[in-house]
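# Residue-level structural notes
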Amino acid sequence: MSSTNQYSMRDPTTQYPRPPFEEQPQKAPGLAKDMRPRPDHGEDSYVGFGRLKGRKALITGADSGIGRAVAIAFAREGADLTLNYLPEEEADAREVVELVRDSGVQVHTVPGDIKDEAFCKQLVDSAVKNMDGLDIVVNVAGKQAYQETILDITTEQFDQTFKTNVYALFWICKAAVPHLPRGATIINTASIQAYDQSPILGDYAPTKSAIVGLTKVLAKQLADRGIRVNAVAPGPIWTPLQPSGGQPQEKIKEFGKNVPLGRPGQPAELASIYVFLATQESSYVTAEVFGVTGGHPLP
Ligand code: NAD
Ligand code: MG
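All of these numbers come straight from a predicted model, not from anything done at the bench.

## A short note on the site of ligand 1
Neighbouring ligand 1 are 31 residues; Ser64, Glu89, Tyr204, Thr239 and Gln242 lie closest to it. Take Gly142: an N or O atom from its main chain is 3.1 Å from an oxygen atom of ligand 1. Measuring from an oxygen atom of ligand 1, one finds a backbone N or O atom of Leu241 at 3.3 Å. Protein contacts shield 97% of the accessible area of ligand 1, which totals 800 Å² for the unbound molecule. The set of elements that each furnish at least two residues to the shell around ligand 1 consists of helix 1 (65-76) and helix 5 (204-222). Residue classes in the shell around ligand 1 are distributed as 14 nonpolar, 12 polar and 5 charged.

## Here we look at helix 8 (residues 268-278)
Looking at helix 8, one finds that the buried residues are Ala268, Leu270, Ala271, Tyr274, Val275, Leu277 and Ala278. Looking down the long axis of helix 8, one finds its buried residues gathered within 165° of arc, a one-sided arrangement. Residues of helix 8 that are buried sit in contact with helix 1, strand 4 (136-139), strand 5 (185-189), strand 6 (228-234) and strand 7 (289-292).

## Some remarks on the environment of Gly183
Relative to the elements of secondary structure, Gly183 occurs in the loop between helix 4 (155-176) and strand 5. For the pair formed by Gly183 and Phe21, sequence separation is 162 residues and the distance between their alpha carbons is 43 Å. Setting aside residues up to four positions removed in sequence, Gly183 forms contacts with Arg55, Gly226 and Gln280.

## Observations regarding the pairing of strand 4
Burial along strand 4 is two-sided: Ile136 and Val138 facing one way and Val137 and Asn139 facing the other are all buried. By the bridge criterion, 3 bridges tie strand 1 (residues 56-59) to strand 4 in an arrangement that is parallel. Bridging across to strand 4, Ile59 finds its partner in Val138. Bridge count between strand 4 and strand 5: 4 bridges; the pairing is parallel.

## Let's talk about the coordination of the magnesium ion (ligand 2)
Looking at the magnesium ion (ligand 2), the protein donor atoms are Asp63 (OD), Ser64 (OG) and Glu89 (OE), and they sit 2.2 Å from it. Mapping the donors of the magnesium ion (ligand 2) onto the primary sequence yields the spacing D-S-x24-E. In this pair, Ser64 sits in the loop between strand 1 and helix 1 while Glu89 sits in the loop between strand 2 (80-83) and helix 2 (90-100), placing the two residues 25 residues apart along the sequence. In this structure, Ser64 and Glu89 share a single accessibility class: buried.

## Notes on the pattern of salt bridges
Counted under the stated rule, the structure contains 16 salt bridges. Among the ionic pairs, Glu43 bridges to Arg68, the shortest N-O distance being 3.4 Å. Of the two residues, Glu43 sits in the segment before strand 1 while Arg68 sits in helix 1, which places them 25 residues apart along the sequence. The buried category is assigned to Glu43, whose relative accessible area is 15%. Its salt-bridge partner being Asp92, residue Arg68 comes within 3.6 Å of it at the nearest N-O pair.

## A few points about the pairing of strand 6
Across the 7 residues that make up strand 6, a large majority, 7, are buried. Side chains of strand 6 alternate between two faces, with Arg228, Asn230, Val232 and Pro234 and Val229, Ala231 and Ala233 buried alike. Bridging between strand 5 and strand 6 involves 5 bridges; their strand directions are parallel. Bridge pairing in strand 6 places Thr189 opposite Val232. Regarding the hand of the β-α-β motif, the stretch spanning strand 5, helix 5 and strand 6 is right-handed. Bridge analysis of strand 6 against strand 7 gives 4 bridges, and the strand direction is parallel. Bridge pairing in strand 7 places Val232 opposite Phe290.

## Things to note about the environment of Asp11
Assignment of secondary structure puts Asp11 in the segment before strand 1. In this structure, the C-alpha to C-alpha distance between Asp11 and Asp113, residues 102 residues apart in sequence, is 39 Å.

## Examining the environment of Val107
In this fold, Val107 is placed in strand 3 (residues 107-109). Taking the C-alpha atoms as reference points, Val107 and Ile150, separated by 43 residues in sequence, lie 41 Å from one another. With residues near it in sequence (within four places) discarded, Val107 still touches Leu81, Leu83, Val97 and Val100.

## A word on the state of the cysteines
Tallied over the entire structure, the rule returns 0 disulfides. Just so you know, Cys120 is unpaired, no disulfide at all, and the nearest cysteine sulfur is the one on Cys173, 10.0 Å from it. Residue class for Cys120 comes out buried when judged on its relative accessible area of 0%. Assessed through its relative accessible area of 3%, Cys173 is described here as buried.

Calculation rules
- Residues numbered from 1 in each chain as written.
- Chains lettered and ligands numbered in written order.
- Predicted model: local features only at pLDDT ≥ 70, side-chain atom pairs only at ≥ 80, totals over all residues.
- Heavy atoms only, no water.
- Near = heavy atom within 4 Å.
- Polar contact = N/O pair within 3.5 Å; in protein donor to acceptor, adjacent residues only side chain to side chain.
- Areas by Shrake-Rupley, 256 points an atom, 1.4 Å probe, with all protein chains shown as cover.
- Helix = DSSP H or I, 4+ residues; strand = E, 2+ residues; numbered from the N terminus.
- Nonpolar A, V, L, I, M, F, W, Y, C, P; charged D, E, K, R; others polar.
- Buried < 20%, exposed > 50% of the residue type's maximum accessible area, 1.4 Å probe, protein only.
- Arc of directions from axis to C-beta.
- Contact = heavy atoms within 4.5 Å.
- Pairing = 2+ DSSP bridges.
- Donors = N, O, S within 2.8 Å, 3.2 Å for Na, K, Ca; no water.
- Salt bridge = Lys/Arg side-chain N within 4 Å of Asp/Glu carboxyl O.
- Right-handed = clockwise from strand over helix to strand, strands pointing away.
- Disulfide = S-S within 2.5 Å.

Put into structure tokens, the structure is as follows:
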């Protein structure tokens, strides 16, 4: 591990690569290992302090991007993990398993497609069985496919985006709630797109508004069970979601240019807020949405 960690003081404008970037089309869902420059998921920097010791977390979208950064951080903070991703992302997932191997926690992988309700239930059941319980659910998986106009969005795409981003979250939470003890937390992944919609994300942006709504409803509903529910709303983050059809390639070249910090965020820069929301440090925080946007604030 390098001597620089998440606490080393640095200039956030130059801490990570700034645009321009190369065009780099990939087929969805894309792989982190094929991105240029490679994203930083905290592999060489995140230092844990046992803040999640003994906790049991299920993380979707855990092979790459924000989910990978969360997996690395949670493992180094002492949580056992069940990781979900798509079977075609096995190469990225193997890297994650390798990276957390020396953290001394259990790591289980349950690849599969969360667009399927039966699989979502099976995923939660496997997590509970493998880890002998479940007390943190982190919904990170998401689908984003830009289309210039509503005329270009097929019913199939609209359906797949809503299934991945909204229905799966509903199915996973519904399956998880009966297992969650008092003190458990659910963390969802919304987006700045819930508040400031790009015209080319006609199906994706409304799924993120739905996630904000579901987060608040669940938080209010589950408060008396002692379960907290929050969401993180990222701005532009350097992950495979974007070059694999999330944005046109000409937007990848200038990705992150328009936020005040002038660059995209790296997945590593999201990890600490998920850790905070998972631990008891955030005991009085529920029904909230936290922006991590490089200066494009939530309203
Ligand atoms: P990513 O591509 O690394 O992660 C998305 C993951 O979703 C994939 O790795 C894949 O495992 C998972 N996934 C997609 N479809 C699935 C399916 N049918 N079944 C199971 N898993 C599936 O990209 P990321 O940017 O880290 O995305 C993570 C979350 O962050 C998403 O919810 C995304 O909407 C959100 N987000 C990203 C950005 C950004 O700029 N990258 C901005 C705001 C919000
Ligand atoms: Mg991936």
